[in-house]
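Listed below, chain by chain, are the residues.
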Amino acid sequence: MSDHYEKVKFQLKQNASGEAVETEAAAEGEQMSPASVSPVTADVSCAARRDKYRGGGRSRSKSRSKADGHERQMNSKQVSDLIPQKSDPLRVCLVCNEQALQIKGTGRTLTGKTAKNGHVESCQRQTDGKCEHHGKEDRSKVAKKRRPVTVDISKAKTSLEALKLSIRQLKWKEFPMGRRTACDIYWHGVSFHDNENIVSGQVNKFPAGMIEMLRKINLSRAMRTMQELFPEEYNFYPRSWILPEEYQLFSTQICLLKDNDSTFKPTFIFKPDCGSQGDGIYLIRDPADLRVISGSQIKQAVVQEYIQKPLLIDKLKFDIRLYVLVHSLEPLEIYIAKEGLSRFCTEPYQEPSQKNLSHVFMHLTNYSLNVHSGNFVHSDSCNTGSKRTFSSILYRLASKGVDIKKVWSDIIALVIKTVIALVPELKVYYQADIPPGKPGPTCFQILGFDILLMKNLKPVLLEVNANPSMRIEHEQEVSPGVFEYVPSPVDEEVKVGVIRDTLRLMDPTQRKQHVATNTGGGSPEEAIIVDAGTDEIEGLADSLPSLCLKQVFPKYTKQFNYLRVVERIAGIFMRFLGVKGTMRLGPTGFRTFIRNCKLSNSSFSMASADILYIDITRRWAGMLSDSREAGMCLQAFFEAFFYLAARRYKALPLREQVLSLLEVCEGSLEGQGHSEKPRPHRSHKNTDPISARSSAPTILNSPALGGVPPRPSEA
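As the structure is a computational prediction, the values presented were derived from the model and not from experiment.

Cut-offs applied
Residues numbered from 1 in each chain as written. Predicted model: local features only at pLDDT ≥ 70, side-chain atom pairs only at ≥ 80, totals over all residues. Heavy atoms only, no water. Helix = DSSP H or I, 4+ residues; strand = E, 2+ residues; numbered from the N terminus. Pairing = 2+ DSSP bridges. Right-handed = clockwise from strand over helix to strand, strands pointing away. Buried < 20%, exposed > 50% of the residue type's maximum accessible area, 1.4 Å probe, protein only. Contact = heavy atoms within 4.5 Å. Axes fitted to C-alpha atoms, helices over the stretch in contact; angles between N-to-C directions. Parallel < 35°, antiparallel > 145°, perpendicular 65-115°, else oblique. Left-handed = near helix turned anticlockwise from the far one by under 90°.

(A) Layout of unusual backbone geometry. In this structure, the amide linkage connecting Glu 330 to the following residue, Pro 331, adopts the cis form with an omega of 0°. Inspection of the secondary structure assignment puts Pro 331 in the loop between strand 16 (316–328) and strand 17 (333–337). Here the residue pair Phe 553 and Pro 554 is connected by a cis peptide bond, since its omega of 15° sits within 30 degrees of zero. Tracing the sequence through the fold places Pro 554 in the loop between strand 25 (549–553) and helix 17 (557–560).

Here it is, written out as structure tokens:
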């Protein structure tokens, strides 16, 4: 009797200590796992939920269900004293052959070995319902009961409905009014700075650089820089001029072309720099038709060569809106949606003439314009109407014998090359807003690529949207003067999938696995390639459809990594910025760059470097009048770098000049000596050599002076 009394007294003390621990945990705001309440019940319920989630919930036997119910009933009984059950006073661990004593009401189990005197020696390490040998099994069950991912949708704006549908499909938790504590993901409708108080988590917008870079002028400059180095690879972007600074150049070049070829009758399209939804766009046949000046204000704009021979469906011109996820900048990771939208004009297409230049419903594919046409058709079918799925267009082309794989391959190449052109400046913006070492969120962003297929099926990039519309309803007039929003099946099918699968890829539990993998000895790119398929296998719910986002980079790193030359130059630029958070290189930083990279010699002194810095910086300051920061911007540094390369390696083509100087700089910064003789580079079979550039900075074929790249071929 005394032994029994001592045992019960000992169990009561353990129970009291367990309750104290639970009370303390609750006070700290921690949510106890169901496993800490009743190990047996938790194991059963977890297994039941898992089987039900995988579609196997009904296959469980009746006998097991009855047994489970009996166990739950026994656990819920009110017992006057804490005596072990007579039927099973001691459980035996099958792994270590240790006895386990379960204490009612606490869900705790004392484990230990039987001593020679018959008493149980408790283990020093106790777990909730398991001995230490069951640690792996216990942790795996806890991992399967993760808390739901939290998403702040208070700033979502027009993408709110699609976002809500996506979160419900994922069974995550949304916060429409925001949250005092940090969320896992923040979904902004406009920009990174919609919420200024984010110091952790993930935001669906990059800092201001993405909006800035995707304006018409900055996009044209970035593409033009790449066209100078890789003219064949970047001929998918139409020939462009920046207004008003290049108006004279534009006028002179077109007049010369017309004088040399009397049959040359081009058409040009005028696009305001900050315009959207087709606002301010118009067509011209002659530079004299430009309306550059409106009152006393000069319009910043881009004028491009108009593609006169587009691919037609049902005699209508159309473009393609593809959604591209930039998952991260470092390492660069890009996904393309397998489905997109095809947006049609509402008036049969005719090649431009002086009579039809003003027919916007014939020439402009913008949805926001054509929706006001009387011919616009809202359809519940994905194959008909003025807005259709891109797959319906591909199916139609395939029925005519078109090589769809080739079309997709060309589009993927266009997307990867465009993002590679944008990354250098995006990194500069990113480090300015979130300097290394400063606490802040990680960023990702969905971009909208507008692509036109030419008659020969070659894709042409029209523009890239930093904030593509994710609205899944459209405005409809239900009675005269009365409008309401009605669902758009085509938009919902495409956009909900893009948002949902973007969230799936940004699942913080999956990102932790990526981080753990990247800490190994391999490169980050190799780690991502290995892990790219594990997200879908391990982290995604079986009830959801397969991912509609296809990873294209770093999957195709070997094919496109050679294009990242400008990004390497940007890395040198950021190295000498000095003050964290700045985006401009001062004169001291430029001199340090010249000195550390050992670029000064008898023919190019430090004084010459100062003159070069002043000359280029002043010219770019005049073109970037809205800049609030003094110093040399990244595009100006590119021009200076190209000039130094042309001066140093006069006998080589431009690309070889730049690569040779880049190796010298990188070698000097790494402490490796390089000889003056340039090392040969392997050229790619689909590129042509580029003619050498003049050594004088005032006549460089640079973005600052309006160098014009070749136009897309319509052959």
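This is not the end of the story, as more comes after the structure.
(B) Region of interest: the pairing of strand 5 (residues 150–155). Here strand 5 runs beside strand 6 (residues 173–175); their pairing, made up of three bridges, is parallel. Looking at the pairing, Thr 150 lines up with Lys 173 of strand 6. For the handedness criterion, the β-α-β arrangement of strand 5, helix 5 (residues 160–170) and strand 6 is classed as right-handed. Strand direction decides the pairing type here: strand 5 and strand 7 (residues 185–188), joined by three bridges, are parallel.

(C) Broad picture of the environment of Pro 348. Secondary-structure assignment places Pro 348 in the loop between strand 18 (341–344) and helix 9 (360–363). Assessed through its relative accessible area of 48%, Pro 348 is described here as partly exposed. The spatial distance from the C-alpha of Pro 348 to the C-alpha of Phe 361 is 8.6 Å, given a sequence separation of 13 residues.

(D) Structural detail: the environment of Ile 167. Here Ile 167 lies in helix 5. Between the C-alpha atom of Ile 167 and that of Val 151, which follows or precedes it by 16 residues, the distance is 8.2 Å. Beyond its immediate chain neighbours, meaning those up to four positions away, Ile 167 contacts Val 151, Ile 153, Trp 172, Lys 173, Glu 174 and Leu 503.

(E) Region of the structure containing the sheet that holds strand 10 (residues 268–272). The four strands lie next to each other as 9-14-10-11, forming an open sheet whose pairing is antiparallel. At either end of the open sheet lies a strand with only one pairing partner, and these are strand 9 (240–243) and strand 11 (282–284). Neighbour to neighbour, the strand axes of the sheet diverge by 25° on average, direction disregarded. As defined by bridge partners, strand 10 adjoins strand 11 across three bridges and the pair is classed as antiparallel. By the bridge assignment, Phe 270 is partnered in strand 11 with Tyr 282.

(F) Local environment of the packing of helix 19 (residues 587–596) against helix 21 (residues 634–648). For the pair helix 19 and helix 21, the least separation of the axes is 13 Å and the interaxial angle reads 30°. As far as their axial angle goes, helix 21 and helix 19 are roughly parallel. Of the two possible hands of crossing, helix 19 and helix 21 adopt the one that is right-handed. Each of Phe 590, Phe 593 and Ile 594 in helix 19 lies in contact with helix 21, whose residues at this interface are Phe 637, Ala 640, Phe 641 and Leu 644.

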